[in-house]
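Inside the fold
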Amino acid sequence: MNKTSSILKINEVNVDKIEQEISKLSEYDWNKWFYRQTVTKFPHGNTKTYPFIWSQDPINNIISISQHNQKSLLWKLIKKEINYLTKKYKGRVVKCMLAKLPSDKKISPHTDQQYSLVNSYRFHLPIKTDSKVVFYLNSIPYYLERGSWYEINNQLLHSVDNNSDQDRIHLIVDILSFSFDIKYKVC
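The model shown is predicted, which means the values in this text are computed figures rather than measured ones.

Description of the overall build of the protein
Looking only at helices and strands, one finds 6 helices and 12 strands in the protein. For the protein, the spread of C-alpha atoms along the three principal axes comes to 45 × 35 × 30 Å. Across the 187 residues of the protein, 52% fall into the buried class. Across the protein, the fraction of contacts at a sequence separation of at least 24, relative to all contacts at a separation of at least 6, is 77%.

Have a look at this one:
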């Protein structure tokens, strides 16, 4: 697997329908699943997550994958978009979530450590953003444009500053290559 050296814009898509469906999510929807905010409080304590696919590190060469919120129109719209990535990168989705960073909040500098994060391709699709939202990769600032897929090397130090007056929402997808000799178990 060859991760991009830092960040690579790979495709542009229309996210209007996805954003419209996201706007229907309630605060309860955003707050009911808080695993990422509690287990990885540093650096993700300020974020909110709406998961679709989640995985844990492998045990005996088996990755357990849990599925969430997959009976909605939102999932159908998102699944269509991630099918492009799974074909292009020849792998399986091991994480897929909406991540919300509220206005005037930050994600502290960090590198991702979990097996599936170290060994997978990491993608961001900004759905709701602002020019005052800054993504840093090795201390270099980037503006991630709405509706553009980015491959990000999550093994580099990265952080986010939301200096805007609106929430930043990204679809985040991790794809593990089929070349890894690993089994999957859907829970």
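Observations regarding helix α5 (residues 73-88)
If you check α5, its first and last C-alpha atoms are 24 Å apart, about what 16 residues at 1.5 Å a residue would give, namely 22 Å. Listed as buried for α5 are Leu-74, Trp-75, Leu-77, Ile-78, Glu-81, Ile-82, Leu-85 and Thr-86. At the exit of α5 stands Lys-90, carrying a positive phi of roughly 50 degrees.

Some points on the pattern of salt bridges
Under the definition given, this model contains 11 salt bridges. Among the salt bridges present, the one from Lys-106 reaches Asp-161, with a minimum N-O distance of 3.5 Å. Placement of Lys-106 in strand β5 (residues 106-110) and of Asp-161 in strand β10 (residues 158-162) is noted, with a sequence separation of 55 residues between them. One salt-bridge network, in which partners are shared between bridges, spans Glu-27, Lys-48, Lys-100 and Asp-167.

Things to note about unusual backbone geometry
Non-glycine residue Lys-90 carries a positive phi angle of around 50 degrees. With respect to the helices and strands, the residue Lys-90 is situated in the loop between α5 and β4 (91-101). Judged by its relative accessible area of 58%, Lys-90 is exposed. Phi angles above zero are rare outside glycine, and Asn-138 is one such case at about 55 degrees. Of note, Asn-138 is situated in the loop between β7 (133-137) and β8 (140-142).

Examining the environment of Arg-92
Within the element layout of this structure, Arg-92 appears in strand β4. With a relative accessible area of 29%, Arg-92 lands in the partly exposed category. It is 30 Å that separates the C-alpha atoms of Arg-92 and Ser-139, two residues lying 47 residues apart in sequence. For Arg-92, the contacting residues outside a window of four places in its chain are Ile-65, Asp-174, Ile-175, Leu-176, Phe-178, Tyr-184 and Val-186.

Observations regarding the sheet that holds β5
Spatial strand order, β5-β10-β7-β8: 4 strands in an open sheet with antiparallel pairing. Whereas interior strands pair on both sides, the edge strands pair on one side only; in this sheet they are β5 and β8. Strand-to-strand twist in this sheet, taken as the mean axis angle between neighbours without regard to direction, amounts to 25 degrees. Looking at chain direction, β7 and β10 are connected through 5 bridges and run antiparallel. From the neighbouring strand, Val-133 faces β10, where its bridge partner is Asn-162.

Some words on the nonpolar core
In this structure, Ile-78, Cys-96, Leu-98, Trp-149, Leu-171 and Val-173 are the most contacted members of the largest nonpolar core, which totals 34 residues. Elements with a contribution of two residues or more to this core: α1 (16-22), β2 (48-55), β3 (62-67), α5, β4, β6 (120-128) and β11 (168-177). Looking at this core element by element, the count peaks at 6 residues for α5. Not counting chain neighbours up to four residues away, the residues in contact with Ile-78 comprise Ile-18, Phe-52, Cys-96, Leu-98 and Leu-171. Membership of the second largest hydrophobic core comes to 11 residues, among which are Leu-101, Leu-137, Leu-156 and Val-160.

Rules used in this analysis
Residues numbered from 1 in each chain as written. Predicted model: local features only at pLDDT ≥ 70, side-chain atom pairs only at ≥ 80, totals over all residues. Heavy atoms only, no water. Helix = DSSP H or I, 4+ residues; strand = E, 2+ residues; numbered from the N terminus. Buried < 20%, exposed > 50% of the residue type's maximum accessible area, 1.4 Å probe, protein only. Contact = heavy atoms within 4.5 Å. Expected span 1.5 Å × (residues − 1). Salt bridge = Lys/Arg side-chain N within 4 Å of Asp/Glu carboxyl O. Pairing = 2+ DSSP bridges. Axes fitted to C-alpha atoms, helices over the stretch in contact; angles between N-to-C directions. Core = buried A, V, L, I, M, F, W, Y, C linked by side-chain atoms within 4.5 Å.

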